[in-house]
Amino acid sequence: MPRLVSHPDEVKIISRRFGLGATDIGKYIELDGYKAVQAAISKGPEWIISEMKASGLRGRGGAGFPTGMKWSFVPKQSEKAKYVLVNGDESEPGTCKDHLIFLYDPHAVIEGTMIAGIAIGAKMGFIYLRGEYRYLLKIMEKAVADAYAKGFLGKNIFGSGVDFDIVTQTGAGAYEVGEESALMESLEGKRGVPRIKPPFPAVVGLYGGPTVINNVETIASVPHILLMSGEAYAKVGSERNGGTRLFGISGHVERPGVYELPMGYNLKKAIYDVAGGVRGGKKLKAVVPGGSSTPVLTADEIDVGLDFDQMGKAGTMLGSGGIVVLDETVCMVEFALRTIKFYQHESCGWCIPCREGTDWLKKSITRLHEGGAVDKDIDNIRYLAENMLGRTFCPLGDAAAMPTIGFVQKFRKEFEDHLNGRGCPYKHSLEREEALV
Amino acid sequence: MATEKTTIFSPELAARFDKLVTLYPVRRSALVPMLLYAQDEVGYISTAVIAEVAERIGIRENDVQSVLSYYSMLRTKPAGKYNVQVCTNISCMVCDGYKILEHCKKRLGIGHKEVTSDGLFSLEEVECIGACCWAPAIQINYDFYDELTPEKMDQILDDYKAGRGKETV
Ligand SMILES: Cc1cc2nc3c(=O)[nH]c(=O)nc-3n(C[C@H](O)[C@H](O)[C@H](O)COP(=O)(O)O)c2cc1C
Ligand code: SF4
Ligand code: FES
């Protein structure tokens with residue numbers, strides 16, 4: 001069972017019910033549950049969307065698109081039924097925050113889905129969980145059943161005359177299905193190959209109807225925003241980055257865990273104060289700041305605010321909020337290799353730059369790690385990755401290329417140390433130890 | 001649709017499938033969950049599973065096959081009764097995830113995607129399972145175990161061997 005952590009600098013909005021037994025619907029109601037959705041029903045879509053816009057909430061799935069704006073793109077009139085789709089595919093390496101929301105506050109996901117539905121005029125919502133999250137799916141299924149039993153879901157919710165249904169869905173193992181259009185394909189019972197955009201899902205989405213797709217954390221933030229007001233939520237965060245976010249700090253820190261910090265919180269403080277600093281008094285080498293697809297920061301680059309804009313300025317991304325901390329013992333080439341192996345494995349194979357590019361990168365970095373490369377191979381790796389950027393059908397290609405470019409750019413010396421038959425100088429590497437015996 | 005007489009699934013699962021296909025605007029949306037639940041019961045996606053799922057949904061067996069091959073959790077061969085999935089992705093990797101994998105290989109005497117001769121265990125190296133802050137982490141079937149050491153790993157495997165392991169389905 002995931003361990004809950006706590007730190008005085010945390011501002012607990014979305015995590016305030018964690019560990020308090022809120023999977024029980026009675027307890028959830030006691031803790032202000034299902035109040036926001038009733039307010040949403042009585043005040044209507046325009047009020048909801050204006051609160052969401054005022055909140056400055058930006059999508060927690062990775063790209064940081066403003067949620068209120070996304071919802072406002074859905075056409076008011078539509079011949080086809082509209083849908084809300086909650087993205088719980090959570091597969092970006094380094095990311096485990098949605099795991100905790102499902103585990104400790106499933107009704108917040110339901111309530112947020114309902115509010116999104118009311119805002120856009122949808123009568124049906126889907127909550128999609130990655131296939132590995134079976135025990136969390138059970139928790140969600142029970143929460144949905146309890147909400148139906150209370151009459152919160154189904155026909156005429158809260159006596160409003162509005163109907164709303166929620167269906168939970170399991171995936172079956174695929175990172176790419178987290179990409180929103182691939183997610184819709186998967187929910188329609190197909191291979192998770194992305195769709196061409198435009199049209200965007202807000203106009204033509206699930207079953208051809210207008211669809212809002214949001215990350216689990218985005219959706220679970222919604223009831224809190226309506227309860228505390230968009231303006232109050234915005235104030236907690238930094239400029240153009242409203243509220244708080246669940247940051248998962250993993251790797252070589254003393255106190256790994258998921259912490260809820262205000263947007264804009266300093267990354268260095270998050271590592272040293274909140275997570276207790278580098279484990280065992282070792283030196284910090286690098287930080288992958290927002291899941292495996294975000295370009296690495298060196299130890300000197302971490303004095304930066306954790307929001308979408310400040311991280312962008314620092315040449316990387318806030319991404320999924322999964323901060324992976326690496327100490328001096330990590331071989332950056334091996335780390336780059338493990339990263340590209342992942343993307344090569346998860347590439348859906350639909351477009352050539354990604355399918356071939358990830359494969360070549362994996363082969364080249366494997367050879368380099370083993371000592372079989374020469375100087376110009378380092379440039380070739382970078383050249384290959386740079387040529388994938390912006391040339392793939394969906395952003396997975398970029399997600400593979402960007403970190404690779406970052407590793408080569410910032411840790412070139414380590415790549416050079418492997419050249420001309422020398423191989424990996426880091427003894428701790430298990431793959432290498434095995435190769436030696 | 002398959003009648004009670006012809007189904008290869010247990011009456012409970014067959015009833016569940018009867019309902020599942022009605023939950024969505026289109027029946028085909030039930031395909032991925034159906035395959036996974038069928039695998040949970042049968043052990044793998046056999047040709048009989050493909051045939052019945054195709055019939056229940058009203059699509060061709062080829063379509064089922066094409067979807068099936070996309071998803072990494074779906075398999076067309078049996079795994080062990082307890083499928084041990086060790087994460088070696090970045091957070092686990094830097095927290096000795098490979099050590100756990102090596103330990104499991106030695107202890108079970110099998111490699112990646114292999115099954116022990118008694119059919120009890122299989123082993124898989126997997127990508128991130130969403131437990132990064134509690135690394136190194138593994139799953140046995142659907143149950144998570146985290147902050148592992150080789151000693152803890154031994155204890156867990158012993159428990160499963162003795163029939164005392166958790167079994168979420
Ligand atoms: C390869 C790939 C994988 C993704 N995986 C996820 C995921 O697991 N969960 C998620 O919420 N968003 C994921 N996204 C982002 C989604 O496409 C989408 O932008 C997001 O769900 C929108 O929700 P938000 O606006 O609330 O962030 C992924 C994107 C790509 C390109
Ligand atoms: S970029 Fe990769 S994952 Fe995306 S469509 Fe192309 S091959 Fe598939
Ligand atoms: S990296 Fe192992 S669980 Fe995420």
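Computed from a prediction, not measured in an experiment: that's the story for all the values here. (Residues numbered from 1 in each chain as written. Chains lettered and ligands numbered in written order. Predicted model: local features only at pLDDT ≥ 70, side-chain atom pairs only at ≥ 80, totals over all residues. Heavy atoms only, no water.)

A.B. asks: Help me out: how do you make sense of the side chain of Asn 87 of chain A in this one?
C.D. replies: Residues and elements named next belong to chain A. With respect to the helices, strands and loops of the structure, Asn 87 is situated in strand 1 (residues 83-88). Within the local environment of Asn 87, its side chain forms a polar contact with the backbone oxygen of Gly 178, the two atoms lying 2.7 Å apart. Setting aside residues no more than four positions away along its own chain, Asn 87 makes contact with Asp 98, Tyr 128, Gly 178, Leu 183, Ile 213, Asn 214, Asn 215 and Val 216. (Helix = DSSP H or I, 4+ residues; strand = E, 2+ residues; numbered from the N terminus. Polar contact = N/O pair within 3.5 Å; in protein donor to acceptor, adjacent residues only side chain to side chain. Contact = heavy atoms within 4.5 Å.)

A.B. asks: Explain a nonpolar patch on the surface to me, please; I cannot follow it from the model alone.
C.D. replies: Together, Phe 65, Met 69 and Phe 73 of chain A line one region of the surface with nonpolar side chains, adding up to about 280 Å² of accessible area. Mapped onto the elements of the fold, Met 69 of chain A is located in helix 4 (residues 67-72). (Patch = residues over 30% accessible without salt bridge, like charges linked within 9 Å, V, L, I, M, F, W, Y side chains within 5 Å. Areas by Shrake-Rupley, 256 points an atom, 1.4 Å probe, with all protein chains shown as cover. Salt bridge = Lys/Arg side-chain N within 4 Å of Asp/Glu carboxyl O.)

A.B. asks: Even after reading the chapter, I still don't get the pattern of salt bridges, so can you show me in this structure?
C.D. replies: A side chain of one charge can pair with a side chain of the opposite charge if their charged atoms are brought near each other. Residue and element names in this part refer to chain A. On inspection of all chains with the given rule, the structure shows 37 salt bridges over all chains. As a salt-bridge pair, Asp 309 and Arg 58 come within 3.3 Å of each other at their nearest N and O atoms. With a gap of 251 residues between them, Asp 309 in helix 12 (residues 308-313) and Arg 58 in the loop between helix 3 (45-55) and helix 4 connect regions that are remote in the sequence. Its relative accessible area of 12% is what places Arg 58 among the buried residues. (Buried < 20%, exposed > 50% of the residue type's maximum accessible area, 1.4 Å probe, protein only.)

A.B. asks: Help me out: how do you make sense of the site of ligand 1 in this one?
C.D. replies: Residue and element names in this part refer to chain A. Taken together, 19 residues are adjacent to ligand 1, and Gly 61, Lys 70, Asn 214, Asn 215 and Thr 218 come closest. Within the contact set of ligand 1, an oxygen atom lies 3.0 Å away from a backbone nitrogen or oxygen of Glu 180. Asn 214 is positioned such that a nitrogen or oxygen atom in its side chain is 2.9 Å from an oxygen atom of ligand 1. For ligand 1, whose accessible area on its own is 610 Å², the fraction buried by protein is 89%. In terms of residue count, strand 4 (residues 211-215) provides more of the shell around ligand 1 than any other element does, three residues in total. Per-class residue counts for the shell around ligand 1 are four nonpolar, eight polar and seven charged. (Near = heavy atom within 4 Å. Nonpolar A, V, L, I, M, F, W, Y, C, P; charged D, E, K, R; others polar.)

A.B. asks: Honestly, the packing of aromatic side chains in this entry has me stumped. Any pointers?
C.D. replies: How two aromatic rings sit relative to each other is given by the distance of their centres and the angle of their planes. All names here are of chain A. Inspection of every chain in the model, using the stated rule, returns 21 aromatic pairs over all chains. Residues Phe 65 and Phe 73 carry aromatic rings whose centres are separated by 6.1 Å and whose planes lie at 55 degrees to one another, so their mutual orientation is tilted. Take Phe 65: its relative accessible area is 37%, and that puts it in the partly exposed class. A residue is classified by how much of its surface remains accessible, and Phe 73, at 45% relative accessible area, is partly exposed. Residues Tyr 175 and Phe 342 carry aromatic rings whose centres are separated by 4.9 Å and whose planes lie at 65 degrees to one another, so their mutual orientation is edge-to-face. Of this pair, Tyr 175 sits in the loop between strand 3 (165-170) and helix 8 (180-187) while Phe 342 sits in helix 13 (residues 332-346), and the two are 167 residues apart along the sequence. (Phe/Tyr/Trp six-rings, centres within 6.5 Å; stacked < 30°, edge-to-face > 60°.)

A.B. asks: Sorry, what's going on with the site of ligand 2 here?
C.D. replies: Around ligand 2 there are 13 residues in total, and Cys 348, Trp 350, Cys 351, Cys 354 and Cys 394 of chain A lie nearest to it. Taken together, the residues of the shell around ligand 2 break down into eight nonpolar, four polar and one charged.

A.B. asks: Any chance you could explain the interface of chain B and chain A here in plain terms?
C.D. replies: Size of an interface: often given as the accessible area lost when the parts come together. Each partner contributes residues to the interface: chain B has 49 residues there, and chain A has 65 residues. Counting each side, the surface lost to burial between chain B and chain A is near 4600 Å², with a carbon and sulfur contribution of 60%. When the buried area of chain B at its contact with chain A is split by residue, Tyr 70, Ile 90 and Trp 134 of chain B rank highest and sum to 16% of it. At the surface where chain B touches chain A, the tally comes to three salt bridges. The residue Asp 40 of chain B makes a salt bridge to Arg 134 of chain A at a minimum N-O spacing of 2.9 Å. Going through the elements one at a time, helix 2 (31-42), helix 4 (61-68), helix 5 (90-93), helix 6 (97-108) and strand 3 (121-126) of chain B are the ones with two or more residues in the side of chain B that touches chain A. When residues of the side of chain B that touches chain A are assigned to their parent elements, the largest contribution, six residues, is made by helix 2 of chain B. (Buried area = accessible area lost by both parts, 1.4 Å probe.)

A.B. asks: Help me understand the side chain of Arg 17 of chain A, please; the structure alone is not making it clear to me.
C.D. replies: Residues and elements named next belong to chain A. In this fold, Arg 17 is placed in the segment before helix 1 (25-30). Look at Arg 17 and you get buried, because its relative accessible area is 1%. Beyond its immediate chain neighbours, meaning those up to four positions away, Arg 17 contacts Ala 22, Tyr 28, Leu 31, Asp 32, Gly 33, Tyr 104, Asp 105, Ala 108 and His 224.

A.B. asks: I would appreciate a short explanation of the environment of Lys 138 of chain A in the present structure.
C.D. replies: All names here are of chain A. The residue Lys 138 is located in helix 7 (residues 134-149) in this model. You can call Lys 138 partly exposed: its relative accessible area is 39%. Linking Lys 138 and Phe 102, residues 36 residues apart in sequence, is a C-alpha distance of 9.7 Å.

A.B. asks: In this structure, what is going on with helix 13 of chain A? I would like to understand it.
C.D. replies: Residues spaced three or four apart along an α-helix face the same direction, because each turn holds 3.6 residues. Residue and element names in this part refer to chain A. Here helix 13 is 15 residues long and its end C-alpha atoms lie 21 Å apart, about the 21 Å a rise of 1.5 Å per residue gives. Of all 15 residues making up helix 13, twelve are buried, and the element is well covered by its neighbours. Looking only at helix 13, the buried set comprises Met 332, Val 333, Glu 334, Phe 335, Ala 336, Leu 337, Arg 338, Thr 339, Ile 340, Phe 342, Tyr 343 and Glu 346. (Expected span 1.5 Å × (residues − 1).)

A.B. asks: When you look at unusual backbone geometry in this model, what are you seeing that I'm missing?
C.D. replies: Peptide bonds are trans in most cases, and residues, glycine excluded, mostly fall at negative phi. The omega torsion of the bond from Lys 197 of chain A to Pro 198 of chain A falls at -10 degrees, within 30 degrees of zero and hence cis. With respect to the helices, strands and loops of the structure, Pro 198 of chain A is situated in the loop between helix 8 and strand 4. A cis amide bond, omega -5 degrees, links Ala 135 of chain B with the succeeding residue Pro 136 of chain B. Among the secondary structure elements, Pro 136 of chain B is positioned in the loop between strand 3 and strand 4 (138-140). The backbone of Arg 240 of chain A shows a phi angle near 60 degrees, a positive value even though the residue is not glycine. Among the secondary structure elements, Arg 240 of chain A is positioned in the loop between helix 10 (230-236) and strand 5 (244-251). Non-glycine residue Lys 113 of chain B carries a positive phi angle of around 60 degrees.

A.B. asks: What is the right way to look at the sheet that holds strand 2 (residues 124-129) of chain A in this model?
C.D. replies: The strands making up a sheet associate through backbone hydrogen bonding, with each pair oriented either parallel or antiparallel. Residue and element names in this part refer to chain A. The parallel open sheet is built from four strands, whose spatial order is 3-2-1-4. Looking at strand neighbours, the two that pair on one side only are strand 3 and strand 4, the edges of this open sheet. The average angle at which neighbouring strand axes cross in this sheet is 20 degrees, direction not considered. Examined bridge by bridge, strand 1 and strand 2 share six bridges and lie parallel to one another. Along strand 2, the bridge assignment pairs Gly 88 with Leu 129. Sheet strands touched by helix 6 (residues 106-120): strand 1, strand 2, strand 3 and strand 4. Its angle to strand 1, the strand with the most contacts, is close to 145 degrees. (Pairing = 2+ DSSP bridges. Axes fitted to C-alpha atoms, helices over the stretch in contact; angles between N-to-C directions.)

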